[in-house]
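Here are the chains, one letter per residue:
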Amino acid sequence: MDQDAVDAVVERYGRFARDEAPGRSAVYEAWAHRVAEDPTVAAALVPIPETRRQPPLVFAVMRVQGAPMDDVDAWAPWVVAHADEIAAQCRVRSVQTNEPLRCAALLPALARIDGPIALLEVGASAGLCLYPDRYSYRYRRGDELIALDPVDGPSTVELHSDLTGDPVLRMPEIVWRAGIDLNPLDARDADDRAWLEGLVWPGEEGRRERIVAALDIAAVDPPLLVCGDGADALPALAAQAPADATLVVTTPGVLAHVPRARRGAVIDAARTAGRWVTLDAPALHDGWTGTPGVKRGGFALALDGEVLAEVDPLGAWVAWHPGGASSAQ
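Residues numbered from 1 in each chain as written. Predicted model: local features only at pLDDT ≥ 70, side-chain atom pairs only at ≥ 80, totals over all residues. Heavy atoms only, no water.

A. Local environment of the environment of Asp38. Positionally, Asp38 belongs in the loop between α2 (26-37) and α3 (39-45). Relative accessible area serves as the criterion here: at 18%, Asp38 is assigned to the buried category. Considered as a pair, Asp38 and Val10 are 28 residues apart in the sequence and their alpha carbons are 8.6 Å apart. Only 3.0 Å separates the side chain of Asp38 from the backbone nitrogen of Thr40, close enough to count as a polar contact. (Helix = DSSP H or I, 4+ residues; strand = E, 2+ residues; numbered from the N terminus. Buried < 20%, exposed > 50% of the residue type's maximum accessible area, 1.4 Å probe, protein only. Polar contact = N/O pair within 3.5 Å; in protein donor to acceptor, adjacent residues only side chain to side chain.)

B. Geometry of the pairing of strand β7 (residues 246-252). For β7, the tally of buried residues reaches six of seven residues, placing the bulk of the element in the interior. Pairing of strand β1 (residues 117-122) with β7, which is carried by five bridges, proceeds in the parallel orientation. Its bridge partner being in β7, Glu121 is matched across the sheet by Thr250. Pairing geometry for β7 and strand β8 (residues 275-280), over five bridges, is parallel. (Pairing = 2+ DSSP bridges.)

C. Here's a closer look at the nonpolar core. Within the largest apolar cluster, 83 residues are counted, with the highest numbers of intra-cluster contacts made by Phe59, Met62, Trp75 and Tyr135. Considering each element in turn, this core owes the most residues, seven residues, to helix α7 (residues 102-110). Not counting residues within four places of it along the chain, the set of residues in contact with Met62 comprises Trp31, Leu45, Ala67, Trp75, Trp78, Val79 and Ile86. Judged by nonpolar contacts, the second largest core, of 24 residues, contains Ala231, Ala245, Val254 and Ile267. (Core = buried A, V, L, I, M, F, W, Y, C linked by side-chain atoms within 4.5 Å. Contact = heavy atoms within 4.5 Å.)

D. Spotlight on the environment of Tyr13. Inspection of the secondary structure puts Tyr13 in helix α1 (residues 3-20). With 20 residues separating them in the primary sequence, Tyr13 and His33 have C-alpha atoms 7.0 Å apart. Other than its neighbours up to four places away in sequence, Tyr13 contacts Ala32, Val35, Ala36, Leu45, Arg53, Gln54, Pro55, Val58 and Phe59.

E. Local environment of the confidence of the model for the chain. The share of residues in the chain with pLDDT of 70 or more is 98%, and the mean pLDDT across the chain is 93. Taken together, the stretch residues 325-329 has pLDDT below 50 and engages in 15 contacts with residues farther than four places along the chain or on a different chain. (pLDDT = per-residue confidence, 0-100.)

F. Structural view of unusual backbone geometry. In the segment running from Gly115 into Pro116, the intervening peptide bond is cis, with an omega of 0 degrees. Inspection of the secondary structure puts Pro116 in the loop between α7 and β1. With a phi close to 55 degrees, Ser125 is a non-glycine residue in the positive phi region. Relative to the assigned elements, Ser125 resides in the loop between β1 and β2 (136-141). In this structure Ser125 comes out as buried when scored by relative accessible area, which is 2%. Positioned with a positive phi, Asp304 is a non-glycine residue whose angle comes to about 55 degrees. The topology assignment puts Asp304 in the loop between β9 (299-303) and β10 (306-311).

G. Structural view of the environment of Gly305. Mapped onto the elements, Gly305 comes out in the loop between β9 and β10. Since its relative accessible area comes to 0%, Gly305 is described here as buried. Taking the C-alpha atoms as reference, Gly305 lies 26 Å from Leu224; in sequence the two are 81 residues apart. Apart from the residues within four sequence positions on either side, Gly305 is in contact with Arg271, Trp276, Gly287, Trp288 and Thr289.

H. Highlighting the pairing of strand β5 (residues 174-181). Burial analysis of β5 places seven of its eight residues in the buried class, the great majority of the element. When β1 meets β5, the two strands line up parallel, connected through six bridges. By the bridge assignment for β5, Leu119 is matched with Arg177. Inspection of the sheet shows β5 paired to strand β6 (residues 224-227) by four bridges, in the parallel sense. Within β6, the position partnered with Ala178 by the bridge is Leu224.

So this is what it looks like as structure tokens:
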């Protein structure tokens with residue numbers, strides 16, 4: 001066994017146990033500590049390709065395969081016994097954080113675009129962020145609660161987000177929805193649904209319930225999803241959008257998973273196709289039209305490169321920029 005590879009696993013999982021899992025998932029914290037402290041378990045993860053060894057992916061694979069959840073002493077030998085199957089699944093699976101709460105961060109940008117809108121997402125997974133008009137929103141601004149519901153009434157998916165600032169908030173009119181992904185998932189498929197649920201960390205029950213409810217909405221009216229590279233597949237898919245609708249291309253959190261050399265091509269393809277809405281870390285690319293001005297450690301929300309707000313990466317809060325345009329365009 002390559003000791004350097006074992007040491008790399010120990011370091012990576014020790015960092016996850018120390019910096020990422022605490023306060024979010026006691027199960028994943030315990031599992032990661034055990035990997036970092038038990039050389040036998042760490043060695044069992046070495047056959048997983050280094051680029052597929054991130055703890056959230058590996059742990060989700062283990063859960064879908066039936067790993068013991070409640071006893072880390074039973075879990076450790078299970079990992080060793082199933083090392084080959086775990087490595088095989090990690091080679092073909094990927095982390096596809098299809099978080100509908102991101103729509104709470106996207107909505108202030110979408111509200112500035114006159115409808116009808118043809119919505120196209122790069123990195124769509126199962127397309128759960130293609131239904132901003134089908135979800136209910138509850139923005140908390142100080143003591144004020146701002147509520148928005150779909151035109152046919154409150155949704156089974158209710159998105160809660162803290163808000164500062166005064167953006168226009170209105171439900172978008174979506175008439176067409178499509179997405180691109182390297183591995184599109186089908187909300188109607190039991191295995192795909194199980195994988196998305198498995199990506200929710202143990203202890204995030206509210207998030208799991210939100211994703212399940214959003215999957216039910218997508219299953220009733222599935223979006224058009226194509227398999228492909230974002231930049232290469234975008235022009236042909238965009239050409240299928242209704243001519244009488246404004247095409248809006250969204251890239252919420254996906255550009256971090258695109259090789260740096262290809263990010264500019266995705267951005268160029270999005271801007272060529274139509275309006276472009278993104279949620280990204282400020283240093284991720286040079287697609288901004290000005291300085292992002294992010295101060296809280298969040299992502300920048302931008303429309304056509306103009307940064308409108310700083311937002312939580314998953315949509316839990318929105319800080320609209322002072323002086324940012326608040327009228328629809």
